[in-house]
Amino acid sequence: MEVATLPVELWRVILAYLPLPDLGRCCLVCHAWRELVLSLDNTRWKQLCLGCPECRHPNWPSQPHQEPPSWREALKQHALASRTWTQNGVELQSSACLHLFRRRKDRRTLHVGPGCEFDTLRGALGVAGPYDRVLLHPGVYEEQAELALKVPVELVGLGQLGEVSLLVCVEQQCPTARLCNLVFMPAWFSTVVYKTSWGHVQLDNCNFEGAQLQIRGPGTCQARFCSFSHGSSANFLGVALSLLDSCDFSGSDTASVTVDGSPVSERNWACKHLAALARTLTSEGSPTNGNPPRGSRGTGNAEVGSTFPAEDWSKAAWQQSTGAPLLGQDTVIEDGWGADKLCDGELKSHTHGNNQTSWDYKLPWDRHGLAHLLKPQPDGSLPPASSPDPHYVIPSLLSLPQELQRDPEAQLLATSIQGCFVRRCLFRDGKGGVHICNYGQARLEANIFRGLNYAVRCIQNSTIVMLRNEVRECSASGVFLRLSAHGLIAENNIHSNGEAGLDIRKGADPIILCNRIHSGLRSGVVVLGNGKGSIRSNQIYNNKEAGVYILFSGNPVVSGNHIFQGQAAGIAVNENGRGMIIENVIRENQWGGADIRRGGDPVLRNNYICYGYSDGVVVGERGRGLIEGNHIYCNKGCGVWVMASSLPQLLANYITHNRIYGLAVFCRKDPENREPRVGDGAVQEWGGERRGDGARRGGAQENFNDEGEIFAWENDLDSEDERYSARRSISVALVESNCMSHNGAVGLYVKTSEPLNVIGNLLNSNCAAGIAVLQSSQLTRLVANCTLDNSLGGVTVEKDCRVELRGNGIYDNKGHGVSFCGDGQIGENDVVGNRGNGIQVSSNADVKVLHNRVQPSQGGGAIVVLGPVKGVISDNVLFQGHPGNKETLLHMDPSNESCVLNNNIILQHTNSCPSHTLWALENPSARPLADSTSGPSTSRYSSRLTISMTARISATVESGCHNSGSMFCSIL
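Overview of the structure. Keep in mind the model is a prediction, meaning the values are calculated, not measured. (Residues numbered from 1 in each chain as written. Predicted model: local features only at pLDDT ≥ 70, side-chain atom pairs only at ≥ 80, totals over all residues. Heavy atoms only, no water.)

A closer look at empty space enclosed by the protein
How we decide: Cavity and pocket criteria rest on a 1 Å grid covering protein atoms alone: a 1.4 Å probe that fits but cannot get out defines a cavity, protein on both sides within 12 Å along at least 5 of 7 lines defines an open pocket, and an atom within 4 Å of a point defines a lining residue. Grid points are joined across faces, edges and corners, and a volume is the space filled by probe spheres set on the points. Each residue gets one of three labels, nonpolar for Ala, Val, Leu, Ile, Met, Phe, Trp, Tyr, Cys and Pro, charged for Asp, Glu, Lys and Arg, and polar for the others, Gly among them.
Scanning the model with the defined rule gives two cavities of 30 Å³ or more in all. Taken as a whole, the second largest cavity holds about 80 Å³ of empty space. Around the second largest cavity, the lining is made up of 13 residues, and of these Ser 646, Val 665, Ala 733, Glu 754 and Pro 755 lie nearest the centre. Each residue belonging to the lining of the second largest cavity can be placed in one class, and the counts come to 10 nonpolar, two polar and one charged.

Written as C-alpha cells, this is what we have:
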C-alpha cells in the first residue's frame, strides 16, 4: 500500500490508533513508512510514553513541564533500561548464531490480592519460579517477618501508583529481581524495606515512605522514577556500581543517599550492563558533544549576560555604570595632596611653561633603563604606562573541554563511572542530599539540590564527580569536602546558599572547573584547614562575602576565574592562608579585589584586578605575599593599599588609572569591626577607618565550625609546598619593578613607621606627585626608580622622614624634581627638565646631596637650599637649562652656616659656544640604569616587566605604629 494514496495527515490519524508493537512493524515496511511513523513523535509516541505505568514524564522530577527532545527516544531508553534485570543469562561467545537456539524463559503470572489465587505476597513467592511475574492487586500487604527472594522474580503493582502498598522487609538472595509501581513502607520491626548483598535489583516507579533501601557490594541497584519521602534514604555500602536515575528525594532526616566504603573488587553480572547504560546516559550531556548543559554558561543567563564580556569594559562603560569619573576629579586627598597643591615656584614654572612646553636645551634622557615601558608596541598600540586610557585584553574563560584537554587527571575523572551514579534526581526540603564517606565513590550528574541543609558532603578520602548540577538555597554550604576528599566538580550552578557555595578543608583536594558560583549569603568558595584544590575557569559573582576566601593554612590554586560583582572582596586571604592566585579576572567588587591580612601569604600573579568600587589590592596588618605581574587598574580607590606590620613583595605589576593613589603604604592598623562611613562623595576625608576584614560584610561571621569539630587549624600545618620554594625571603616590604601610571593622585604614597624598599619602579603621568613620603620614621629607600611627567613634583619628602634617594631618574615633572624636608641622602640621581627647582632642600632637613646630575627647566634652580638645612652638597653636576633662565643654579640661604657646599660643577651656556649640543648624560647613561644582571629572572612570567635595579637592599623590619591618618573608600 503506497503512502501517497492518502494525505499524510490522514495517515497520521490512522496510525495514532496502533499499539506499540504494530508501530514497530510499520517501521519495517519501507523508508517512507518509517519516516511517517517517526513523524508521530508529538502525538502517538507522546501518548505511549506518558501512558506507560512503569515510568513517568521523561523530565520528572526536576522539570516535568519541559518536553524531551524526542518522545520516541525517551520511550526507547525506558524500554532498554527496564530490561536490564533480565540480562543475567550466560553469554554465548562461541558463535554469533547460537542465540537463535537459546531457550526462552517460561514465565508465569501470579496474582496476589483479595479474591485471587494468592492472598499474601509470601504465599506467591513460595511457589514462584525463576522470572515469574507477581501482580499485586490494589491493597495494603503487610508481613510480620522478613521475606526472602530466592529466585529471580518481578513484582508489579496494578493500578495507579499508590494503590499497592507493602509493609515488608525483603532480603534478596537471588541474582536479579525487579520491582515496579509499588509503595514501600517500613514494617514494625525494621526501617529497611529492601536489601541485597550480591544480586541486582531494578526499581521502576516505586515510592519509599519513611523507609530505607540498602545495597551492599557486590550487589547492585538500578532505580528509575522512584520517590523517597518522609525520611526515606538509599544506602550503598561498598557498591561497585549502582544507578539512580530521575528519582525524587524529599524530607530526609539525614542524607538522602549515602555512599559508604570503597567499591568492592568483586563484580556481579549486572555491572557491565549498568556501565554500558551509564556511559550512554553520560554521553547525552557530555561536555564534548557541543550541546550546552543544563545550568551551564550556555543557558544565556541574563544575570551574567548583562555584564559579560568583561573585555568590553572601557572607561566610558565604567563611568556609565558607576556615575563617577574614572580618575581624581573632585577627589579629596589626605593632607591636601590633590591637584591644587602647588608651591609658589611650581606655579611660576607652570605659568612660564605654558608658552613653551618643549625646549631645545634639555639633556636627552629618553634612553634610561625603563624607557622600553613607554615605547609603542609592535602593533602600534601604546603600552599601559603610556596610554591615557586603559586598553587591556582581558582573557576569556576556558570551556570545560579545553580544561579537560589540559588536565589528564580531570579528564580521567570526567570519564570514570564507578560507585554510585546519581543522575537527573531532585533533592529537596531535607537535611542532606548525598553523603560520600570512607573511600566511597559517586558520580552526580544533572541533579537539582534545593532547600537542604547541605547538598553534597564528601569526606574520608572519598571521590566525587559532580557535573552539571544545580545546588541552591541550602541553609549551610552547598558542597562540603573534608578529610582528603577529592574529585571533579564541573559546570555546576551553585547559588543562593546560606554559607559558602563550596567548603574545602582538612586536606581535601578537588578539581573545580567551569562552575557558576553566585548569589551566596556568605562566600563563594572557602578553603581552610589545610584544604587545597584547583579552582579554574569558574564564574564567581554576586556573593555577599569574598568570592574566594582562603584562611587557616588553606592552600589552593585559583586560576583563570572571573570573580566579579561581589559585595565584599574578590579574593580574601586571612589567618595564615596561602594559595596560588594566577591569571584571574577580578572586577567590580565592592571592596578590595584581593584582600590579604593576618598572616595571609599567597602568590598573586598575572591577574587583572579592575573596576573595583574600592582598592585593587589590600595588604592589611601582618599580611604577606608575592604580588607579581598583575594588571591593577580603574579601581575607585587605590591600586594597592598596604597597612602596618605587613611584609608584601610587589613585583612587576601595572598599577594604572586608579582613581586615587597608585600604591599607598600606611601606618594605620586594622580597626576592629568598624563599618565604613558612607558619604556623598566618592572618597571621604582621610580621618576615617578602613574596614577590618575585606572578606566579610556587615560584621557577620562565617561558620567555620563543622558540627562541633575542634577549631585548631593553626596547629595542623603542612610542610613547605614546593610551589613556594623559589620565593625570595625578605625582612622589609619590597616594591620592585612596578609601573604606576595615570593614577588620580600620588603614584606612590608613603606614610608609615616601618622600613620600605622601593626599587626599579616607573611612576609617570600621575595626577599628583610621583612619590610622596609624608611619614617614615625608619628608612625608606628609593633606588633606581623613574618618576616622569607627573602633575606635581617627582619626589616629595616631608619633615622627620628618613629617606635614601639613589640612582633614580626624575624627569619632566610639573613641580620640583625633588622636594626634600627630611633626613637622609640624595645621591647619584638624574634630575632633568622639571618645571620647578631640580632639587629643593628646605626646613630642618639633614641631608647629603652627592653625585647628582641636575638640569632645571625654564623657571627654576638646579639645587636650592632654603632654611636651616644641615648637610653636605657635594660633587654634583649642574646644567643650565634654557639660556633665558636667569635663576641661580646653586642657591643657598645666606644665613645658613650648617650646610657645606663642596666641589660642585656648574655648566652654563656661553654666547660663543652652543654648549647644549655637547652636553649629555654619559658615564653613566641616563638613570635608572639598565643592568640585566640585576634583579630576578623574568623569563618565567609573560607579564613580568623587565626592570632592573642598581643594588639589592635589605634591612630588618622594626614594628611599631604611631598615630597617623588613614583612608577608606566609601561605597556609593
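Quick notes on the packing of helix 2 (residues 20-27) against helix 3 (residues 31-38)
Our working definition: Angles here are taken between N-to-C directions and fall from 0 to 180 degrees, while the axes themselves are lines fitted to C-alpha atoms, restricted in helices to the stretch in contact. We count a stretch as a helix when DSSP gives it H or I for four or more residues in a row; a strand needs E for two or more, and each element gets its number in order from the N terminus. Throughout, the term roughly parallel applies to angles under 35 degrees, roughly antiparallel to angles over 145, roughly perpendicular to angles from 65 to 115, and oblique to all others. Here, two residues are considered to be in contact whenever any of their heavy atoms come within 4.5 Å of each other.
One can describe the packing of helix 2 onto helix 3 by two numbers: an axis separation of 7 Å at closest approach and a directional angle of 140°. The orientation of helix 2 with respect to helix 3, classified from their angle, is oblique. The residues of helix 3 that touch helix 2, namely those facing Leu 23, Cys 26 and Cys 27, are Trp 33, Arg 34 and Val 37. Residue composition of the contact of helix 2 with helix 3, grouped by class: five nonpolar, no polar and one charged.

Here's the deal with the environment of Ile 464
Within the secondary structure layout, Ile 464 lies in strand 26 (residues 463-467). The sequence separation of Ile 464 and Gly 440 amounts to 24 residues, and the corresponding C-alpha distance is 8.3 Å. If we skip the residues at most four places from it in the chain, Ile 464 touches Ile 436, Ala 442, Leu 444, Val 456, Cys 458, Leu 481, His 486, Gly 487 and Leu 488.

Description of unusual backbone geometry
Following Asn 923, the chain continues into Pro 924 via a peptide bond in cis, with omega recorded as 5°. The residue after Arg 927, namely Pro 928, is reached through a cis peptide bond having omega 0°. With respect to the helices and strands, the residue Pro 928 is situated in the segment after strand 75 (905-907). Look at Cys 514: it is not a glycine, yet its phi comes out positive at around 55°. In this fold, Cys 514 is placed in the loop between strand 32 (509-513) and strand 33 (516-518).

A short note on the pairing of strand 53 (residues 733-736)
To keep things clear, this is the line we draw: Classification of residues uses two cut-offs on accessible area relative to the type maximum, computed with a 1.4 Å probe and protein chains only: under 20% is buried, over 50% is exposed, and between them is partly exposed. Should DSSP find at least two bridges between two strands, the strands are regarded as paired.
Here strand 53 shows two buried faces, one formed by Ala 733 and Val 735 and the other by Leu 734 and Glu 736. Pairing between strand 50 (residues 649-651) and strand 53: three bridges, direction parallel. Counted as the bridge partner of Leu 650 is Val 735 from strand 53. Summarising the sheet, strand 53 and strand 56 (residues 756-759) pair through four bridges and their orientation is parallel. Bridge assignment links Leu 734 to a residue of strand 56, and that residue is Asn 757.

Focus on the environment of Pro 401
Positionally, Pro 401 belongs in helix 11 (residues 400-406). A sequence separation of 113 residues divides Pro 401 from Cys 514, and the C-alpha atoms of the two residues are 9.9 Å apart.

Things to note about the packing of aromatic side chains
Note the following rule: Whether two aromatic rings pair depends on their centres lying within 6.5 Å, for rings of Phe, Tyr and Trp, where Trp uses its six-membered ring; planes under 30 degrees apart make the pair stacked, over 60 edge-to-face, and the rest tilted. A ring is scored as having a charge over it whenever the NZ atom of a lysine or the CZ atom of an arginine sits within 6 Å of its centre and within 35 degrees of its normal.
The tally for this structure, following the rule as stated, stands at 17 aromatic pairs. Plain terms: the ring middles of Tyr 611 and Tyr 633 are 5.8 Å apart, the flat faces sit at 75° to each other, and that makes the pair edge-to-face. Taken together, the residues Tyr 611 in the loop between strand 45 (608-610) and strand 46 (617-619) and Tyr 633 in strand 48 (residues 631-633) connect sequence positions 22 residues apart. One aromatic cluster is present, built from ring pairs that chain together Phe 184, Phe 208, Phe 228, Phe 249, Phe 427 and Phe 449. Seen from the ring of Phe 421, Arg 443 lies directly overhead, with NZ or CZ sitting 5.8 Å from the centre. The side chain of Arg 587 reaches across the aromatic face of Phe 564, ending 4.5 Å from its centre.

As for the side chain of Gln 222
In this structure, Gln 222 sits in strand 14 (residues 220-224). Given the relative accessible area of 0%, Gln 222 is considered buried. With residues up to four places along the chain from it excluded, the contact list for Gln 222 reads Ala 81, Thr 84, His 200, Val 201, Gln 202, Leu 203, Leu 243, Leu 274 and Leu 277.

Concerning the environment of Asn 630
Spelled out, the test is: Whenever two N or O atoms come within 3.5 Å, that pair is a polar contact, provided that in protein one can donate a hydrogen and the other can accept it, and provided that, for residues adjacent in sequence, both atoms are side-chain atoms.
Looking at the element boundaries, Asn 630 is found in the loop between strand 47 (626-628) and strand 48. For Asn 630, a relative accessible area of 0% translates into the label buried. Placed 25 residues apart in sequence, Asn 630 and Arg 605 show a C-alpha to C-alpha distance of 5.7 Å. Apart from the residues lying within four places of it in its own chain, the contact partners of Asn 630 are Leu 604, Arg 605, Asn 606, Asn 607, Ala 652, Asn 653 and Tyr 654. Here Leu 604 takes part through its backbone oxygen, which lies 2.8 Å from a polar atom of the side chain of Asn 630. Here the side chain of Asn 630 touches Asn 607 through a polar contact of 2.8 Å, landing on its backbone nitrogen.

A few points about helix 3
Test applied: Throughout, the arc means the angular range of directions from the helix axis out to the C-beta atoms.
Those residues of helix 3 that fall on the buried side of the exposure criterion are Trp 33, Leu 36 and Val 37. One side of helix 3 carries all its buried residues, which in axial view fall inside an arc of 95°. Lining the buried residues of helix 3 we find helix 1 (8-15), helix 2 and helix 4 (41-51).

Details of helix 4
Inspection of helix 4 places Asp 41, Arg 44, Trp 45, Leu 48 and Cys 49 among the buried residues, and these make up the whole buried set. Looking down the long axis of helix 4, one finds its buried residues gathered within 130° of arc, a one-sided arrangement. Counted as exposed and oriented over 90 degrees from the buried face of helix 4: Asn 42 and Gly 51. For helix 4, the elements touching its buried residues are helix 1, helix 2, helix 3 and helix 5 (71-82).

Digging into the layout of surface pockets
Counted as a void, the second largest pocket has a volume near 600 Å³. Surrounding the second largest pocket, 24 residues form its lining, Leu 20, Leu 75, Lys 76, Ala 79 and Arg 83 being those nearest its centre. Elements with a minimum of two residues in the lining of the second largest pocket: helix 2, helix 3, helix 4 and helix 5. With seven residues, the top contributor of residues to the lining of the second largest pocket is helix 5.

What about a nonpolar patch on the surface?
Threshold: For patch building, the residue pool is restricted to those with more than 30% relative accessible area and no salt bridge; the joining distance is 9 Å between like charges and 5 Å between nonpolar side chains (Val, Leu, Ile, Met, Phe, Trp, Tyr). Here the Shrake-Rupley method, with its probe set to 1.4 Å, supplies the accessible areas, and only the displayed protein chains count as covering residues. For this document, the term salt bridge refers to a Lys or Arg side-chain nitrogen within 4 Å of an Asp or Glu carboxyl oxygen.
On the surface, Leu 6, Leu 10, Val 13, Ile 14 and Tyr 17 cluster together to form a nonpolar patch covering roughly 470 Å² of accessible area. As for its position among the elements, Leu 6 is in the segment before helix 1. Its relative accessible area of 31% is what places Leu 6 among the partly exposed residues.

Describing the pattern of salt bridges
With the rule as written, the count across this model stands at 32 salt bridges. With its nearest N and O atoms 2.6 Å apart, the salt bridge here joins Arg 597 to Asp 595. Assessed through its relative accessible area of 2%, Arg 597 is described here as buried. Where Glu 628 meets Arg 605, a salt bridge forms, and the shortest distance between an N and an O atom there is 3.1 Å. In this pair, Glu 628 sits in strand 47 while Arg 605 sits in strand 44 (residues 603-605), placing the two residues 23 residues apart along the sequence. Residue Glu 628 shares its accessibility class with Arg 605, and that shared class is buried.

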